[in-house]
Amino acid sequence: PTGTMTFMDAGKTIGSGVVARSRDQYAIAAGENHSCALTPLGAVFCWGNNVFRQLGDGTTTESDVPVPVVGLPSGVVAISAGSWHTCALTKTGAVWCWGYGMSGQLGNGAFSESAAPGLVAGLSSGIVAIAAGREHTCALSATGGLKCWGYNGGGNLGIGTLANQNTPVQPEGLASGVAAVSAGLSTTCALTKDGGVLCWGQNNAGQVGDGTFTTRTTPVPVTGLSSGIADITSTKEATNCALTDAGGVKCWGRNDNGQLGDGTTTERTAPVDVVGLSSGVAAIAAGTAHTCAVTDAG
């Protein structure tokens, strides 16, 4: 999966990017050409392409073995990888990002790359989850508020404009009530504490899920998903999926590679059921143009 990871705690799915996990667990995050791992002791190692400094080791040298990220504080509890940038969440609720930042996705007040982690402006505490999209990033606070930053050409920051932002901004109407966030290509989705799903951003393939192909610069409800949803995930190519409380999977958006799992290659502007996955699913994860599920039976 690229960017968004689903973490498990005591066998229960608690949302994309949420940090709670047992101390003996590792976590991994994969970008477009790099991967990172979080160790049980809270250290981060990355490997792969490094032309945009996404390994965070202070260089632009690619590595075919894991190298430690330099300058991160101890106690990292979650990681998330965009296409060419990476972010980490510490146990104190602070967010640090590094790598490609020309769209502002590092959140440090600049439109530039960084070979070492930098603290995201205004997010030094109180954050419980992070999600890195292709060129934007979002963070969920302990009080259920959402902040996003970076590329906004599709309206994917949810602030009513198309201007990129290099520091965190709040999507309209989401100061509270959010349980999980998922970030894709130019679209973002939020799972509410009531079990509903809101999406916003570019909508050329129906990936906002409101039954139209109209770009939305502020959050709108996904058709038919006003309640009963347990988790969400996004691909980097305009597809979104939701896991229901009953263990079923529904997807919408781009489908040229069959990534909606409905037996067709037809894009969908509203959620459709994934064939054979009406129940029994424990977790979902999306790649660039495909989606996978883990069942209750493992």
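Anything mentioned here points back to the structure above.
Treat the numbers as computed from the prediction; the structure is a model and nothing was measured.

A.B. asks: Now, about the overall build of the protein: what can you tell me, with residues and values included?
C.D. replies: Along the backbone of the protein there are 0 helices and 24 strands. Taking 2.2 N^0.38 as the reference for a compact globule, 298 residues should give roughly 19 Å; the C-alpha atoms of the protein span a radius of gyration of 17 Å, in line with that estimate. If you line up the protein on its principal axes, its C-alpha atoms span 45 × 45 × 35 Å. Buried positions account for 55% of the 298 residues belonging to the protein. Here the contacts in the protein between residues at least 6 apart in sequence split such that 48% fall between residues at least 24 apart. Accessible surface, the protein as shown: approximately 10900 Å² in total, 53% of it carbon and sulfur. Here the protein carries 13 positive and 19 negative side-chain charges, and the mean point of each set is 6 Å from the other.

A.B. asks: Pulling in residues and values, what's your account of the sheet that holds strand β9 (residues 95-99)?
C.D. replies: Spatial strand order, β7-β8-β9-β10: 4 strands in an open sheet with antiparallel pairing. Pairing within the sheet leaves two strands with one partner each, and these edge strands are β7 (76-81) and β10 (114-119). Ignoring which end each strand starts from, the neighbouring axes of this sheet average 20° apart. As paired elements, β7 and strand β8 (residues 85-90) share 5 bridges and run antiparallel to each other. Its bridge partner being in β8, alanine 78 is matched across the sheet by leucine 89.

A.B. asks: Which residues make up the pairing of strand β17 (residues 197-201), and what values do they have?
C.D. replies: The buried fraction of β17 is high, at 5 of 5 residues. The two faces of β17 match: Val197, Cys199 and Gly201 on one face and Leu198 and Trp200 on the other face are all buried. Linkage of strand β16 (residues 187-192) to β17, two consecutive antiparallel strands, is achieved through a turn of 4 residues, within which glycine 195 is found at a positive phi near 85°. Where β17 meets strand β18 (residues 216-221), 3 bridges bridge the pair, whose relative direction is antiparallel. Paired with cysteine 199 across the strands is valine 220, a residue of β18.

A.B. asks: I'd like a description of the state of the cysteines, backed by residues and values.
C.D. replies: The final tally for this structure, using the stated rule, is 5 disulfides. Between the sulfur atoms of cysteine 36 and its disulfide mate cysteine 46 the distance is 2.1 Å. Its S-S torsion of approximately 105° makes the covalent link between cysteine 36 and cysteine 46 right-handed. Here cysteine 36, found in strand β4 (residues 34-38), pairs with cysteine 46, found in strand β5 (residues 44-48); they are 10 residues apart in sequence, far enough to count as distant. In the protein, the cysteines engaged in disulfides, taken in order along the sequence, are linked 1-2, 3-4, 5-6, 7-8, 9-10. Cysteine 292 carries a free sulfur, and the closest cysteine sulfur to it, the one in cysteine 241, is 10 Å from it.

A.B. asks: Talk me through the environment of threonine 266; I want residue IDs and the actual numbers.
C.D. replies: In this fold, threonine 266 is placed in the loop between β21 (249-253) and β22 (268-273). C-alpha of threonine 266 to C-alpha of alanine 205: the two residues are 61 residues apart in sequence and 9.7 Å apart in space. Not counting the four nearest positions on each side in its chain, threonine 266 is found in contact with Asn255 and Leu260.

Definitions and limits used
- Note that residues are indexed from 1 along each chain, following the sequence as it is written.
- Only residues with pLDDT of at least 70 are given local features in this predicted model, and only at 80 or more are side-chain atom pairs given and counted; all residues enter the totals for whole chains, interfaces and linings.
- Heavy atoms throughout the structure, all of them, feed into the side-chain values; hydrogens and water do not.
- Put simply, DSSP marks the helices as runs of H or I at least four residues long and the strands as runs of E at least two long, and each gets a number from the N terminus on.
- With C-alpha atoms as the basis for the radius of gyration, the globule rule is written as 2.2 Å multiplied by the number of residues raised to the power 0.38.
- Exposure categories follow from relative accessible area, calculated using a 1.4 Å probe and restricted to protein chains: below 20% of the type maximum is buried, above 50% is exposed, and the middle band is partly exposed.
- Contacts between residues were defined by any pair of non-hydrogen atoms, one from each residue, lying within 4.5 Å.
- Method for areas: the Shrake-Rupley scheme with a 1.4 Å probe, in which residue coverage is limited to the protein chains shown.
- Residues counted as positive are Lys and Arg, residues counted as negative are Asp and Glu, and His and the chain ends are not counted.
- Charge coordinates come from a single atom per side chain, which is NZ of Lys, CZ of Arg, CG of Asp or CD of Glu.
- Here, any two strands with at least 2 DSSP bridges between them count as paired.
- Axis geometry follows a simple rule: fit a line to the C-alpha atoms, using only the stretch in contact for helices, then measure angles between N-to-C directions, giving values from 0 to 180 degrees.
- Whenever a pair of cysteine sulfur atoms sits within 2.5 Å, that pair is classed as a disulfide.

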